[in-house]
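This is what each chain is made of:
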Amino acid sequence: MNNERLTAFTRQAGTILATLLGLLILTFCIGRLMPVDPVRAIVGEEADQATYNMVAERIGANLPLYQQFFRYVNDLAHGDFGTSIRTGQPVINDILHVMPATIELATFAIIVGAGLGIPLGILAAVRRNRPVDHIIRFLTLIGHSMPIFWTGMIGLIIFYAALDLVGGGGRLSDYYIGLVPETTGFLLIDAIIAGDWEVFRDAVNHLLLPASILGYSSMAYITRMTRSFMLDQLNQEYVTTARVKGLSKGRTIWHHAFANIRVQLVTIVALAYGSLLEGAVLIETVFSWPGFGQYITNNMLIGDMNAVMTCVLLVGIIFIALNLLSDALYKIFDPRTR
Amino acid sequence: MKPLLRIVGPVLLGSTLLFQPAHAETPPNMLVVGFSMTNILTLDPAAITGKETVQVLTNIYDNLVALDAVNRAQVDPQLAESWTIADDNGSITFKLSKGATFASGNPVTSADVVWSFKRLMKLNLAQASFLKTHGFSAANADASFTAPDDGTVVIKLPKKVDPQIIVQTLGIVGPGSILDMKAVMEHDKSGDMGAAWLTNNSAGSGPFTLGQWQSNERVTLEQNPKYWGEKPAMRRIMMRHLAESQSQRLMLEKGDIDIAFSMSAADLKALESSKDVKIQTNGGSGFYYLAVSMKDEKFQKPKVREALRYLIDYQGLNDSVLPYFGKLRDRPVPAGIFGALPNAGYKLDVAKAKALLAEAGYPNGFPTTLRAISDVPFMSLATAIQATLAQAGIKAEIVTGSGDQIYGAMRERKYELVVGRGGGGQLPHPDSNFRAIVYNPNNADEAKLTNFQGWRTSFYDEKINKMIDDALVEGNKDKQIKEYQDIQTYYAEMVPAIQPFSEVVDSVGFRADIKGLELNPSWSTQLRTVKKER
C-alpha cells in the first residue's frame, strides 16, 4: 500500500514537473516568436547600434535562444527568478507586490460569482421555463456576452461618475495612499492590522465596483453551469422516487440533488477562480488596478521574458494547486473517489 | 425569493452608504496627475526613454540651463548663472550659481556636473546619443568635461559644431541632468556608477525628490526641503498610472485628479464645454509623416514621391484626425524655430498626382503596403491616407502592429510606406530635425544607423548631408539662418523620403482651480509653479 502511494505520488510529481517544463518551453518560444524587442524597449528609438549591442549583451539577448532558455532554467533551479527589465527589481519581489491586489480582487469576485451564481442556478433549474428562470437566463446571458472592458467603463460612468457611490481608479483615494504600512500587501488586512478604519472603508469602496463586475461575469458562467447540472439531477428517477416517498421539495433539492452536483461545482468554481487570478487584465486596466494581469501583459508587450516566464510558471502552479484542491474536495464530497 | 430580498436589500443599501466616498477633491497641498506610465522603465536620467519619464524627472533634477517654456529658442539659467562661448567656438564655460544644494544637503559643485556628464558617456545608455552625435564619447569624456574650480565647468567641444546646440542639449532632461556624485557613488555596485540604485531612487537638486515609484501604479514626489530655489506650493505630487483615457477624463471631471496628461482627442473635446476643466496645448516634438522606403524601386523615382506629396489631405488630416495632437506643418522644421520657413502650402491634388504617376510610368497606380501602429491616431491617419492614395490608383494595403513591428520594419529597412511620428525636435534647433529626418552619413545596410531616419528610409544625398554639416558650424547667425532656409528649399525640391504633414503638439486637461501651469514642450513641464486656488 505504501509502495502504491509512493508510486502514485512520484507519478503525480513527475506529471506536474513535466507540465511546468512544457509550459516554460511553450511560453519561451511564443515570447521569442513575438515581434517585440526587449533591448529596443530599454534603449529607446534614438539609441545607436553600439548602445543597442551593449545592452543586448548585458541582458543576454545576444545569446542563441537555446542558451537563453537554459540559462533561465538553470537560474530557476537555483531559486533565482531573474530581474525584471521594467522595474529593475527581482521578479519575485514584483510578483509579491502585485499578487495581493489581484487576490483581493479575485477573491471578492468569486464570492460574488459563486455566492449568487449557485443559488440562482438552482433556482432557475427548479423553476425551469417559468418567468424567474427566463429572467435569470437573460441576466446571465448579458453577463456572459458583454465585453468586460465595456461593462467596467459603463460601471464607472454610472456608479462612480454619476451616482458617486463608489471610488474611481486605483486601490485607494489619494488622501489615504501610504497611510498604512504594507505588512501583507492585502490592503484590507493591512488596514485592519493598522486599525485604520478610514483606509479600510476607502479600500472596500474602491474594491466594490471592479470586484462586482468581475463577479457578475463569473456569476453568469457559474449560474448557467449550475442550472445545467441541476436540471440533469432533477430529471433523475431518484428525485421522483424521493418526492413520491413524501420527502419535501427543499430536502430533495438540497440534500440529494445538490449533493450530487457539488463535485462538478467545485471544479467550475476553482477554474473560475484561477481564471480571475490570471485573467483580470481588462478590468485591472479600466480601474487602474495594479495587479498581476496588468503586470504580465505589460511585460509581455516589451518582451521582459524573466517576468513573463515567472508569471506563467506561477499561473501554472496556481491551476495545478486548484486542481489538486478540487481532487481533495472530490474525496470529501464523493466517497466513491476515496 | 422574499426572505432572500429581505436580507440582501438592507445589506446592499447599508454597505453602499457605509462605504460611500468621503472626499470629492484632491488634497489642497497635493497635486494629483494622471497619465499612462507603461513606458517608464527606469528613473536613471542616463537611461530613460520616453516622454513620460521626462515628465517625472524634470521635477527632480536640475540642469545647468533650462529651455524656456514659452519662447522655445530661449535658454534660461538654472544651475549655471551664466555661460560664455569661446571666440573660436571650441569650448563653453559655465559659472555655477552659488548656494545650490542637492536634496541630500551636499552643495552642487562643478565636480558633480563634470561627473554627471562623464557618467552619461561612460555608461553609454539611451541618453548618451544626444552628445555622441556631436562627437562626445567615453574615450574623450575626461578631456571634454573639466572643472578648473568648484564653481566653473568647461566643456571642450570634440568636433566643430554650433555651441548653441550643445547648450540646448544640456537643457533637456537626461543628457543635461545633474546628479549628486557623493549620494550616487555611495550606492555604486560593481562599478555601475549607481545605475541599479538610480532605477528607483533619486539624487537631484530639483524642487522635488522621488518618494516612491511603484511600476505601473504611481510615482510619488515629495517636496525637497533643501531646495535652493523658490519653494514649490505643493508638498507632494502624486503621479498615477491611468492607462485609459476615459478613466482620466472621469477622474478629472470628478476632481479626483488635478491634471490629465494623456487623454485622447475625443475625451479632450468632450471636456471643452466643462466649466470645471481647462485644456492647454503647447508645442511637442517631431512630426507626423508619410515615409517611403527608397529600397523599393518605385519610390526611388522622384516623380512617384512627388505624387505622394499631392495625395495627402493636409488640412483634412489636421482638422479631423489630429486636433489637440498636431498642427499643420509640411516642412521638416517646426514653426517658431529659428530659420523655419512658412509652410510650402501643399494640398491634396489628385489630378496633379495622377499626372506625375503617369510621367513616372504608373498611369494606373500600383499596389503597395502602408504600415501604421495599431493605435490612435495612426490607424485613422493610415485609413485617410489609404483613401486619398486610392484616388490616384495606388492600392495600399494597411499593415498594422505594435511600435516594434512598425518601426522595427523601418529599422530593418523592410517596408514600403509608413505613417509615423518622429523627426527630432527635442532641441529648438533645426539641426536636430534635419539630422533625425534626412541626414544619412552612410547608406550601407551594414552601417545599421538605425537612429537616423534618413538611413531607415535608405535616402542618401551627399549634398544635403554637407549642407546640414556646414550649417551647424556656421558661426554667423544670419548666415546660419539663411543656410537652414536653403536646406528646407532644397529638401522641398528634391522630394525626399519623408513628407511631414503635421507637427506634434501636446494637450493636457486640468482642473480650473489649478493655477501657474505652464506646459513645456515635450512633457518637461515644471510643476513647482503650480498651486491650487480654492
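Rules and cut-offs
Residues numbered from 1 in each chain as written. Chains lettered and ligands numbered in written order. Predicted model: local features only at pLDDT ≥ 70, side-chain atom pairs only at ≥ 80, totals over all residues. Heavy atoms only, no water. Helix = DSSP H or I, 4+ residues; strand = E, 2+ residues; numbered from the N terminus. Areas by Shrake-Rupley, 256 points an atom, 1.4 Å probe, with all protein chains shown as cover. Lys, Arg positive; Asp, Glu negative; His and termini not counted. Charge placed at Lys NZ, Arg CZ, Asp CG, Glu CD. Buried < 20%, exposed > 50% of the residue type's maximum accessible area, 1.4 Å probe, protein only. Polar contact = N/O pair within 3.5 Å; in protein donor to acceptor, adjacent residues only side chain to side chain. Contact = heavy atoms within 4.5 Å. Buried area = accessible area lost by both parts, 1.4 Å probe. Salt bridge = Lys/Arg side-chain N within 4 Å of Asp/Glu carboxyl O. Nonpolar A, V, L, I, M, F, W, Y, C, P; charged D, E, K, R; others polar. Domains from an automatic or database assignment. Patch = residues over 30% accessible without salt bridge, like charges linked within 9 Å, V, L, I, M, F, W, Y side chains within 5 Å. UniProt positions renumbered as here; feature names shortened; annotations may be inferred. Core = buried A, V, L, I, M, F, W, Y, C linked by side-chain atoms within 4.5 Å. Disulfide = S-S within 2.5 Å. Pairing = 2+ DSSP bridges. Axes fitted to C-alpha atoms, helices over the stretch in contact; angles between N-to-C directions. Phe/Tyr/Trp six-rings, centres within 6.5 Å; stacked < 30°, edge-to-face > 60°. Lys NZ or Arg CZ within 6 Å of the ring centre and 35° of its normal.

Draft legend 1. Representation of the overall build of chain A in the model. When its secondary structure is counted, chain A shows 14 helices and zero strands. Its helices and strands taken in sequence order, chain A reads α-α-α-α-α-α-α-α-α-α-α-α-α-α from the N to the C terminus. In terms of principal-axis extent, the alpha carbons of chain A reach across some 85 × 65 × 40 Å. Accessible surface, chain A: about 16,400 Å² in total, of which carbon and sulfur atoms supply 65%. Computed over 23 positive and 25 negative side-chain charges, the inter-centroid distance for chain A is 20 Å.

Draft legend 2. Quick peek at the side chain of B:S177. All names here are of chain B. Along the chain, S177 falls in the loop between α6 (163–169) and α7 (181–185). Judged by its relative accessible area of 3%, S177 is buried. Within the local environment of S177, its side chain forms a polar contact with the backbone nitrogen of G174, the two atoms lying 3.0 Å apart. Ignoring anything within four residues of it in the chain, the contact list for S177 reads P45, Y61, D62, N63, S116 and I172.

Draft legend 3. Fine view of the interface of chain B and chain A. The interface is formed by 57 residues belonging to chain B together with 54 residues belonging to chain A. Between chain B and chain A, the buried area comes to about 4,800 Å², and carbon and sulfur atoms account for 52% of it. Viewed at the interface, chain A and chain B are joined by two salt bridges. A salt bridge links B:R240 to A:D174; the nearest nitrogen and oxygen atoms lie 2.9 Å apart. Put simply, chain B and chain A have 11 residue pairs in polar contact (both at pLDDT 80 or more) between them. No other element matches helix α9 (residues 245–254) of chain B, which puts five residues into the side of chain B that touches chain A. Counted by class, the side of chain B that touches chain A contains 22 nonpolar, 22 polar and 13 charged residues.

Draft legend 4. Here's a closer look at the domain arrangement of chain A. All names here are of chain A. Splitting chain A by domain gives domain 1 (1–78) and domain 2 (92–333). Taking only C-alpha atoms, the centre of domain 1 and the centre of domain 2 are 31 Å apart. Taken together, the contacts link 18 residues of domain 1 with 15 residues of domain 2. With both sides pooled, the region where domain 1 packs onto domain 2 buries about 1,400 Å², and carbon together with sulfur makes up 82% of that total. Considering only the surface of domain 1 that becomes buried against domain 2, L20, T27 and Y72 emerge as the three largest contributors, covering 33% of it. Linking domain 1 with domain 2 are zero salt bridges, by the criterion used here. On the surface where domain 1 and domain 2 come into contact, there are one residue pair in polar contact (both at pLDDT 80 or more). Contributions of two or more residues to the side of domain 1 that touches domain 2 are made by α1 (2–33), α2 (38–43) and α4 (65–77).

Draft legend 5. Representation of a nonpolar patch on the surface within the structure. A cluster of nonpolar side chains, A:I157, A:I158, A:F159 and A:L163, forms an exposed patch at the surface whose accessible area comes to about 310 Å². Note on A:I158: relative accessible area 37%, which makes it partly exposed.

Draft legend 6. Quick look at the UniProt feature "transmembrane region" (unreviewed entry) in chain A. Residue and element names in this part refer to chain A. According to UniProt, the "transmembrane region" (unreviewed entry) feature falls on residues 12–34, 105–126, 138–163, 203–222, 265–287 and 307–330. Span residues 12–34 is 96% helix and 0% strand, its end C-alpha atoms 33 Å apart. Between the first and last C-alpha atoms of residues 105–126 the distance is 31 Å; the span itself is 100% helix and 0% strand.

Draft legend 7. Representation of the nonpolar core within the structure. Formed by 155 residues in total, the largest nonpolar core has its most connected members in B:V56, B:L64, B:F94, B:M239 and B:F501. Residue contributions to this core peak at seven residues, all from helix α3 (residues 110–123) of chain B. In terms of nonpolar packing, the next biggest core, distinct from the first, is built from 90 residues, A:A109, A:A257, A:A270 and A:A272 among them.

Draft legend 8. Representation of the state of the cysteines within the structure. Within this structure, the stated rule accounts for zero disulfides over all chains. Of all cysteine sulfurs, the one in A:C311 lies closest to A:C29, which takes part in no disulfide; the gap is 18 Å.

Draft legend 9. Just the sheet that holds strand β4 (residues 80–85) of chain B, in detail. Residue and element names in this part refer to chain B. Taken together, the four strands give an open sheet; going across it, the order is β4-β5-β7-β6, and neighbouring strands pair in antiparallel fashion. Edge positions in the sheet fall to β4 and β6 (145–149), since each has one partner strand and no second. Taken over all neighbouring pairs, the strand axes of this sheet differ in orientation by 25° on average, direction set aside. The pairing of β6 with strand β7 (residues 152–156) spans three bridges and is antiparallel.

Draft legend 10. Summary view of the packing of aromatic side chains. Under the defined criterion, the tally for this structure stands at 16 aromatic pairs over all chains. Ring geometry for A:W197 versus A:F200: centroids 5.5 Å apart, planes at 75°, classification edge-to-face. Residue A:W197 and its partner A:F200 are located together in helix α9 (residues 197–234), separated by three residues, close to a single helical turn. Their ring planes at 10° and their centres at 6.1 Å tell us that B:F434 and B:Y484 sit as a pair that is stacked. With a gap of 50 residues between them, B:F434 in helix α16 (residues 430–437) and B:Y484 in helix α19 (residues 477–494) connect regions that are remote in the sequence. The class of B:Y484 is buried, set by a relative accessible area of 0%. Grouping aromatic residues by their ring pairs yields a cluster made of B:F117, B:F136 and B:F145. One cation-aromatic arrangement involves B:K298 over B:F299; the distance from NZ or CZ to the ring centre is 5.7 Å.

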